[in-house]
Amino acid sequence: MAALKTDLGTAKRVVVKIGSALLVDPDAGGLKLDWLKSLAADVAAMKTRGQDVVLVSSGSIALGREVLGLPRAALALEQSQAAAAVGQIRLARAYEEVLEPHGITTGQVLVTLEDSADRRRYLNSRATLEQLLSLGVVPIVNENDTVATDEIRYGDNDRLAAQVAVTVGADLLVLLSDIDGLYTASPALDPSATRFDVVEKITPEIEAMAGDAGTGLSKGGMKTKLLAAKTATGAGCAMMIGLGTKPHALSALEAGAAHTLFVAEGDPQAARKRWIASMKPQGRIVLDAGAAKALAGGKSLLPAGVRAVSGEFGRGEPVEICDAAGLVLGHGLARYTGQEARAIMGHQSDEIEAILGYIGRAALIHRDDMALTV
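Here is what the cut-offs are and how they apply
Residues numbered from 1 in each chain as written. Predicted model: local features only at pLDDT ≥ 70, side-chain atom pairs only at ≥ 80, totals over all residues. Heavy atoms only, no water. Helix = DSSP H or I, 4+ residues; strand = E, 2+ residues; numbered from the N terminus. Buried < 20%, exposed > 50% of the residue type's maximum accessible area, 1.4 Å probe, protein only. Contact = heavy atoms within 4.5 Å. Areas by Shrake-Rupley, 256 points an atom, 1.4 Å probe, with all protein chains shown as cover. Lys, Arg positive; Asp, Glu negative; His and termini not counted. Charge placed at Lys NZ, Arg CZ, Asp CG, Glu CD. Pairing = 2+ DSSP bridges. Axes fitted to C-alpha atoms, helices over the stretch in contact; angles between N-to-C directions. Salt bridge = Lys/Arg side-chain N within 4 Å of Asp/Glu carboxyl O. Arc of directions from axis to C-beta. Expected span 1.5 Å × (residues − 1).

### Some thoughts on the overall build of the protein
Logical step 1: Along the protein, the regular secondary structure elements total 15 helices and 13 strands.
Logical step 2: Projecting the C-alpha coordinates of the protein onto the three principal axes gives extents of approximately 70 × 45 × 40 Å.
Logical step 3: Relative to its full complement of 374 residues, the protein shows a buried share of 48%.
Logical step 4: Look at the contacts in the protein between residues 6 or more apart in sequence, and 72% of them connect residues 24 or more apart.
Logical step 5: As displayed, the protein has an accessible area near 16700 Å², and 53% of this comes from carbon and sulfur atoms.
Logical step 6: In the protein, 38 positive and 44 negative side-chain charges are present, and the distance between their average locations comes to 3 Å.

Below you can see the structure in the form of structure tokens.
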């Protein structure tokens, strides 16, 4: 299992998904505090190595329902949202209390499906997570169950974790589960089932092997994990399914514990650039020579270097980037609307607030949101 040790030990940015069944005692209804402390120690070891870590954690509804005395059977939407509101506070506090002794600051980020489907919200979420990670924070991400309804929710944190991994450009997504990987059949039903150590490509045959086994606390089965794997690997992020029921699950995986590794298709940055380049531009931004040179050197596009803006595009929408001679340099996702871009073009970033009336982002297009062709 040397490949696993290398991946988990050296990945620059790792997203770890923790399910309710691992975190919450189904009998007592409270947190498995010793397990959570062991996870915190593993995360601290990763941070010491210089790795960025994002935790996608279930558990708010499971915790809240116990506090409110709600039944463990299926809850009505309003009951789930009330339980989440109560449980989210306890969940965030628990992570803070176990990570703080290691000198790690935590931050809570609550999202819905709309936050990744809408480009503007997606960019805002990405910018927030990037800023938190740059400050050394470990973000604790969960679906915002207090407001999410069926049409705007993920419904399971496997796919949410995959989307978070794509959003932050993670190298590796780890799904801690009650099973140590993907099997040819459910091991509980078929003793002859064998585990896949590595999955190079998710074929229809592999998808057919996934069952819907899950606990009473968890909504995710193997099918949702394969959907997560398709999202993550397609964006250049490798994914692991590993056993999370025992203490120090992450350090055990790094040391070579059984798992299934889904191989990434390329790397996160290349996949993101392809995605941006594939979108139809909604406008055009023309640069001066200095800005064109700065972009070629890996810099972001600042308003000061913009000579002209055309098109009525919104925040987060794709635009064409050209030099003064009309040569297309590439494409990017604008952080301002077309109208706002025209207002601030040619101005320094510290003038944006005076022009627009609010403190904006320094870059018109960030370098990470750009796919250059020359």
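What follows continues from the structure just given.
### Focus on the sheet that holds strand β10 (residues 306-310)
For sheets, the rule is that strands pair by backbone hydrogen bonds, running either parallel or antiparallel.
Logical step 1: Spatial ordering of the open sheet is given by β10-β9-β11-β12-β13, a layout of 5 strands whose pairing is mixed. Each having just a single partner strand, β10 and β13 (370-372) make up the two edges of the open sheet. Here the average twist between neighbouring strands, direction ignored, is 20°.
Logical step 2: Pairing geometry for strand β9 (residues 284-287) and β10, over 4 bridges, is antiparallel. Across the sheet, the residue bridging to Arg284 is Ser310, located in β10.
Logical step 3: Across the sheet, helix α13 (residues 289-296) lies against β9, β11 (318-322), β12 (328-333) and β13, angled at about 105° from β9, the strand it touches most.

### With respect to the pairing of strand β2 (residues 52-57)
Logical step 1: For β2, the tally of buried residues reaches 6 of 6 residues, placing the bulk of the element in the interior.
Logical step 2: As paired strands, β2 and strand β4 (residues 138-143) are joined by 2 bridges and run parallel to one another. Each residue of the ladder has a partner; that of Val56, found in β4, is Val141.

### So, the pattern of salt bridges
Logical step 1: Tallied over the entire structure, the rule returns 13 salt bridges.
Logical step 2: Among the salt bridges present, the one from Arg13 reaches Asp52, with a minimum N-O distance of 2.9 Å. You can see Arg13 sitting in strand β1 (residues 13-18) and its partner Asp52 sitting in strand β2, a full 39 residues away along the chain.
Logical step 3: Accessibility expressed as a relative area gives 18% for Asp52, which makes it buried.
Logical step 4: Here Glu254 and Arg49 are joined by a salt bridge, their closest N and O atoms 3.3 Å apart. Taken together, the positions of Glu254 in helix α11 (residues 249-254) and Arg49 in the loop between α3 (33-48) and β2 put the pair 205 residues apart, joining distant regions of the chain.

### A few points about helix α12 (residues 268-278)
Logical step 1: Turning to α12, its buried residues number three or more, namely Pro268, Ala271, Arg272 and Ile276. Taken end-on, α12 shows its buried residues confined to a sector of 135°, consistent with a single buried face.
Logical step 2: Structurally, α12 contributes buried residues whose contacts are with α7 (119-134), α10 (222-234), β12 and β13.

### Some points on the environment of Thr105
Logical step 1: Counting through the fold element by element, Thr105 comes out in the loop between α5 (77-99) and β3 (106-111).
Logical step 2: A sequence separation of 30 residues divides Thr105 from Leu135, and the C-alpha atoms of the two residues are 9.1 Å apart.
Logical step 3: Discounting chain neighbours no more than four positions away, the residues touching Thr105 are Gly136, Val137 and Val138.

### Describing unusual backbone geometry
Logical step 1: Even without a glycine there, the phi angle at His248 is positive, about 55°.
Logical step 2: Note on placement: His248 falls in the loop between β7 (238-243) and α11.
Logical step 3: The partly exposed category is assigned to His248, whose relative accessible area is 35%.

### What to know about helix α8 (residues 157-168)
Logical step 1: Taking 1.5 Å per residue as the helical rise, α8 with its 12 residues ought to reach 16 Å, and the 16 Å between its terminal C-alpha atoms agrees with that figure.
Logical step 2: A large share of α8 lies buried, amounting to 10 of its 12 residues.
Logical step 3: Taken together, the buried positions of α8 are Asn157, Asp158, Leu160, Ala161, Ala162, Gln163, Val164, Ala165, Thr167 and Val168.
Logical step 4: Just downstream of α8, Gly169 is the residue with a positive phi angle, here 65°.

### Considerations on the pairing of β9
Logical step 1: In terms of strand pairing, β9 meets β11 through 3 bridges, oriented parallel. Across the sheet, the residue bridging to Ile285 is Ile321, located in β11.

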